[in-house]
Structures are given as C-alpha cells and as structure tokens.
Amino acid sequence: MNFQDLVFFTFASVLVLSALGVVTFRNPVYAALLLVLAFVTSSGLWLLLEAEFLAITLVLVYVGAVMVLFLFVVMMLDINLDRLREGFWKWFPFGAVVALVMAVEMGMVLMSRQFDLESLPKPVPKDIEFSNTKELGRLIYTDYVYAFELAAVILLVAMVAAIAITLRHRTDKKLTNAGRQIAVKRNDRLKIISMSAEKKE
C-alpha cells in the first residue's frame, strides 16, 4: 500500500463516518457540521482524482455558502427537538425497507460487469500543462450543451416560481406606498392655526 492508497482510505473512512453521523445525530447543528466535514473530505477525494476544479467548487459552493446559510437557519429557527423525535419508531420500518432496497440496488450495480476493475481502461497520465477546468468547459459547451441549457432553464423556472410564490398579496398586512409618501405636500400634513394669546390671571 503506497501513500496515495493510505490517503484515500483515510479520507473514505472519515467520509463514511461523518455521513453516518449526519443521519444519526439528533442535534441539527452537529449534523450540519458533520456534513461540512463530509463535503471537505469529498473534495479531498476529488483532488486525488485530479479533479481540482470540482473539489474547489464543492468547498466554495456547498461549504462556503449553502452550509453557512443552513446553519444560520437552523440556529435562528429554535427548532423543538422533542417534536422532531415524535413518530420516529412509527416510520422506522418503512425507512429501513427503503434503505435496504437502495443498498441492494447499489450492490447489484457495483457487482455488474461494467464495474469490473480489470476491464476498465487504465488512466493515461496527463501533461503538466493539461487543464481539467478547460477540458470540463469544452465538454459542457460541446458534447453536453443541450443538457447544460436544459438544466439552466429548469433552474430559471424554479427561481421564477420561488419569487412568484413569495409575492402573494396579503390583505392582513399594512403596506407602505412609497409613491404616495413622496407626493405628500406640507399643507396635506401640517395646518397652522392662528390663535389669540391667552391672558394669565
């Protein structure tokens, strides 16, 4: 076993343990921090596969943005953990069956002939000037351009739908009309009354 294999098994072990902690820890803050650890170790595995761009993207997007937002939401909502634990054993058999089916399907796929390590082509070492980011961009905008555009359209539709859902007009809320506030004149709000001075007896 060389050093690269040792690093791979170390990262893989940390990834599996942190993923198990995400689904078993009851505290959502601990689960979110373990998910951050899982993302970081996954990016380390991608670095071993010479996919530097994907590794950096995983750290920047998920760890740096999504998980920070998730932690803010979890810590601000004041989640009642007792209510979350209600009905766990009621749905446990169904969840166990679904997990077993997924494990059997993954085992069937991995044990098929397509995953025979001896039949896989050996990786060709790349030149020092090779850029996997450039190669990834070339593949996205040539071979997979239609799938990329379809994914962009789906994300755009989802974003517009989310904005449309949040822009519902509610009658029980008092809204401020900025245009009417700017158009108000002094005489509309202020009235000067001339009064005679009162004598103090």
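Residues numbered from 1 in each chain as written. Predicted model: local features only at pLDDT ≥ 70, side-chain atom pairs only at ≥ 80, totals over all residues. Heavy atoms only, no water.

In the nomenclature of an unreviewed UniProt entry, the chain corresponds to NADH-quinone oxidoreductase subunit J from the organism Nitrosomonas mobilis. In its Sequence similarities (unreviewed entry) section, the UniProt entry covering the chain states "Belongs to the complex I subunit 6 family." In the Subcellular location (unreviewed entry) part of its UniProt record, the chain is described as follows: "Cell membrane". (UniProt positions renumbered as here; feature names shortened; annotations may be inferred.)

A. Just the UniProt feature "transmembrane region" (unreviewed entry) in the chain, in detail. Feature annotation in UniProt places "transmembrane region" (unreviewed entry) on residues 6–23, 30–49, 55–79, 91–111 and 144–167, given in this structure's numbering. The span residues 6–23 shows a helical share of 100% and a strand share of 0%, and its end C-alpha atoms are spaced 26 Å apart. Taken end to end, residues 144–167 is 92% helix and 0% strand, and its two terminal C-alpha atoms sit 35 Å from one another. (Helix = DSSP H or I, 4+ residues; strand = E, 2+ residues; numbered from the N terminus.)

B. Highlighting the packing of aromatic side chains. Counting across every chain of the model gives 5 aromatic pairs. Pairing F39 with Y62 gives two aromatic rings, centres 5.3 Å apart and planes at 45 degrees, and the pair type is tilted. A residue pair is termed long-range when its members are at least 10 positions apart, and F39 in helix α2 (residues 28–48) and Y62 in helix α3 (residues 52–77) qualify at 23 residues. Residue F39 is classed as buried on the basis of its relative accessible area of 18%. Accessibility expressed as a relative area gives 40% for Y62, which makes it partly exposed. Each ring, one from W91 and one from F94, has its centre 6.4 Å from the other, and the planes form 75 degrees; the classification is edge-to-face. Taken together, the positions of W91 and F94, both in helix α5 (residues 88–110) and 3 residues apart, correspond to about one turn of that helix. Take W91 and F94: they sit in the same class, and that class is exposed. (Phe/Tyr/Trp six-rings, centres within 6.5 Å; stacked < 30°, edge-to-face > 60°. Buried < 20%, exposed > 50% of the residue type's maximum accessible area, 1.4 Å probe, protein only.)

C. Local environment of the packing of helix α1 (residues 3–24) against α2. Two elements in contact, α1 and α2, have axes whose closest approach is 8 Å; the angle formed by their N-to-C orientations is 155 degrees. Here α1 is positioned roughly antiparallel relative to α2, judged by the angle of their axes. Crossing of α1 against α2: the hand is left-handed. Of α2, the residues touching α1 (which contributes Q4, V7, F8, F11, A12, V14, L15, S18, G21 and V22) are A31, L34, L35, L37, A38, T41, S42, G44, L45 and L48. (Axes fitted to C-alpha atoms, helices over the stretch in contact; angles between N-to-C directions. Parallel < 35°, antiparallel > 145°, perpendicular 65-115°, else oblique. Left-handed = near helix turned anticlockwise from the far one by under 90°. Contact = heavy atoms within 4.5 Å.)

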